[in-house]
Structure formats: C-alpha cells, structure tokens
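Here is what each chain is made of, one letter per residue.
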Amino acid sequence: MQDKNQAKIGFICALAAFITWGVFPIYFKQLNALSANEIVAHRIVWSVLLLFLLLKFSRKLGAAKKILGDKKTAFWLFVTGLLIGANWWIYIYAVNIGKIVEASLGYFINPLVNMLLGVIILKEKLTRAGKFALGVVFVAIGVQIYDAGGLPVISIILPITFGFYSLIRKRLGVPSFEGLFAETALIAPIALAALFFVAASGQNHFSFSWFGLFIALCGPATVVPLLLFNSATTRLNLSTIGYLQYISPSMQLLLAVFYYGEPVSALKALSFLLIWSALAVVSFSAIYSKKSKISV
C-alpha cells in the first residue's frame, strides 16, 4: 500500500511538473516587454537566491560549497550553466518572436538527441527501434528544412544544448539541486553584468511593483517544477517519466496553434507526425522488451 501511495505521489508530482512546463509560453508571453537577455538574467539570479534559501533550509548548502570547491567539477558545472542558460535563452527568444511551434518540436526531438549522444559519446548500443526512430527524425528535420527553406535553428539548438547539458551532468554525477545551484551561481556574475548593462542603457523593466514581482517569479517558475520532477524521479520508473515528458511539448504545440494562432503548414504537420511515430516506436519497443524480460 505504501509503494502504491508513493507511486501516486510521484505521478502527481510528475504531472504537475510537466503541466507547469507546458504552460510556460503563457507566463513568458506576459514578459514580452523584456528582451530574452533580460528575462534569462532574471531567471538565473532569482533561481540562485531561491536555491540558496532551499539548500540553507535543508542543510545541504555545505554540500553545494564542497562541489564548488572542486575546481574540475566547478569548471564543468560552469559549462553546464552556460548550456542551460543558452537553452533558456533560445526558448524564451522563440516564445517572444512567436515560434512556439518550433520550440515544441525541439523538445519532441530532445529524447532522440539524447539517444544519439549516448551512441556517439558513451558508446551505447542502439536497438533496431532506436535506429529506425533516429532515421525518422532526420527525415522529419529534412521535411522542416524543405518547408522553411533553411535549417529550423530553434528546433535543433534546443535539443542539442539540453542534450549536451544532460550528458555532462550525467557524467559528473552531481546531486540534482546542489548541482543546479552551483551551475547557476557560477554563471550568476554574467547574469548580473547583463542586468547592469540593461539598467545602464535605460531599458530596465524591474521595479518594486506587481510587475517586478511577476519578473521575480522567474525563480520559482524555474525551481519548483524541477523540485516536483526530482520528487517524481525518486518514486516512479524512468520509463513512466519518459512517457509523461511528452505532455509539455504537446501542450506547448496546442497553445501555439489554438491559442496564439501560429501557422502550421501541411509539411510542418507531417514532420510532427513523423516525430510522434518515431517516439511511439521507441516507446512500444521499450514496453515489449520489458515484458519479454519479465516473461523469461
């Protein structure tokens, strides 16, 4: 009974995290008066402050300081900080210019990019289903290139930056939130310099007002879903998490088309169908493989 309750809590946490990420376009659209640089800078600074308080309260701040004290680990966390910062920037830029459809495609491609990096860098073996899925993804990207008359930059940069971010974090083996605090703290000086430049140029939008509070919510908006996600991963199978993760880009795609009225051509719709087909093949293959192992 206790395991079932834990699984139920984990499912609720995962659902809450992915739904929160799914409605991110609505939140960031409210900040479209700010440039992507200013939003990301605030996101980093407020995240660091909130994570500092959470680590202090949970008595894990010492562990985070120990991580920062290791020069080699700190260097790679600085790299992951730059990668996640770039990922945030390109996503917010996409939302600001009305390219949510392209951003959602990037997040659909993301798990398959992780598979490709695993094969190339970690020398992991790819199943037949995995090979087929990656082939379909390349075809889908080709369709997008033909439709747009050029590379779908947003759809490619988003999964690449997050893919390398995940790869490096996996190899570092640093705890999730201590690592997030360390990497955001390391790039915080860049964020503060960006905010200083914005203020000096007379384009600062932050003030002690309701809108200023809305900007400060960048911190909780970043950290809270990650806390929920982390809580879910300790209670659910990774395969379950894997299937649930498509909630976010699906919601973003629906918002882009039906709420913000972004156009979707027939070829772009075809590329999404190809991606969904690839993900379905990988998912069903994983389920079948798991059942086969159980039956043996």
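Quick caveat, the model's predicted, so the values are computed rather than measured.

### Quick notes on the confidence of the model for the chain
For the chain, the mean per-residue pLDDT works out to 86, and 93% of the residues sit at or above 70. Counted against residues more than four places away or in other chains, residues 292–296, with its pLDDT under 50, gives zero contacts.

### Some points on the nonpolar core
One finds Phe28, Ile44, Tyr91 and Ile275 to be the most contacted residues of the largest nonpolar core, which totals 70 residues. Every residue in contact with Phe28, bar those within four places of it in the chain, is listed here: Ile39, Arg43, Tyr91, Ile92, Val95 and Asn96.

### Remarks on the packing of helix α6 (residues 100–120) against helix α8 (residues 153–172)
Two elements in contact, α6 and α8, have axes whose closest approach is 7 Å; the angle formed by their N-to-C orientations is 40°. Classed by the angle they form, the pair α6 and α8 counts as oblique. The chirality of how α6 crosses α8 is right-handed. Where α6 approaches α8, its residues Glu102, Ala103, Leu105, Gly106, Tyr107, Ile109, Asn110, Val113, Asn114 and Leu117 are matched on the opposing element by Ile154, Ser155, Leu158, Pro159, Ile160, Phe162, Gly163, Phe164 and Ser166. Classifying every residue of the contact of α6 with α8 by side-chain character gives 12 nonpolar, six polar and one charged.

### Side note on the packing of helix α4 (residues 61–69) against helix α5 (residues 71–96)
At a minimum axis distance of 5 Å, the contact between α4 and α5 shows a crossing angle of 95°. On the basis of their axis angle, the class for α4 and α5 is roughly perpendicular. Listed contacts from α5 to Ile67, Leu68 and Gly69 of α4 are Lys71, Thr73, Ala74 and Leu77. Residue composition of the contact of α4 with α5, grouped by class: four nonpolar, two polar and one charged.

### Comments concerning the UniProt feature "domain: EamA" (unreviewed entry) in the chain
Under the local residue numbering, the UniProt record ascribes the feature "domain: EamA" (unreviewed entry) to residues 9–141. Span residues 9–141 is 84% helix and 0% strand, its end C-alpha atoms 37 Å apart.

### Thoughts on unusual backbone geometry
We note that Arg59 has phi near 60°; this positive angle belongs to a residue other than glycine. You can see Arg59 is positioned in the loop between α3 (36–57) and α4. Residue Arg59 is classed as exposed on the basis of its relative accessible area, which comes to 78%.

Basis of the calculations
Residues numbered from 1 in each chain as written. Predicted model: local features only at pLDDT ≥ 70, side-chain atom pairs only at ≥ 80, totals over all residues. Heavy atoms only, no water. pLDDT = per-residue confidence, 0-100. Contact = heavy atoms within 4.5 Å. Core = buried A, V, L, I, M, F, W, Y, C linked by side-chain atoms within 4.5 Å. Buried < 20%, exposed > 50% of the residue type's maximum accessible area, 1.4 Å probe, protein only. Axes fitted to C-alpha atoms, helices over the stretch in contact; angles between N-to-C directions. Helix = DSSP H or I, 4+ residues; strand = E, 2+ residues; numbered from the N terminus. Parallel < 35°, antiparallel > 145°, perpendicular 65-115°, else oblique. Left-handed = near helix turned anticlockwise from the far one by under 90°. Nonpolar A, V, L, I, M, F, W, Y, C, P; charged D, E, K, R; others polar. UniProt positions renumbered as here; feature names shortened; annotations may be inferred.

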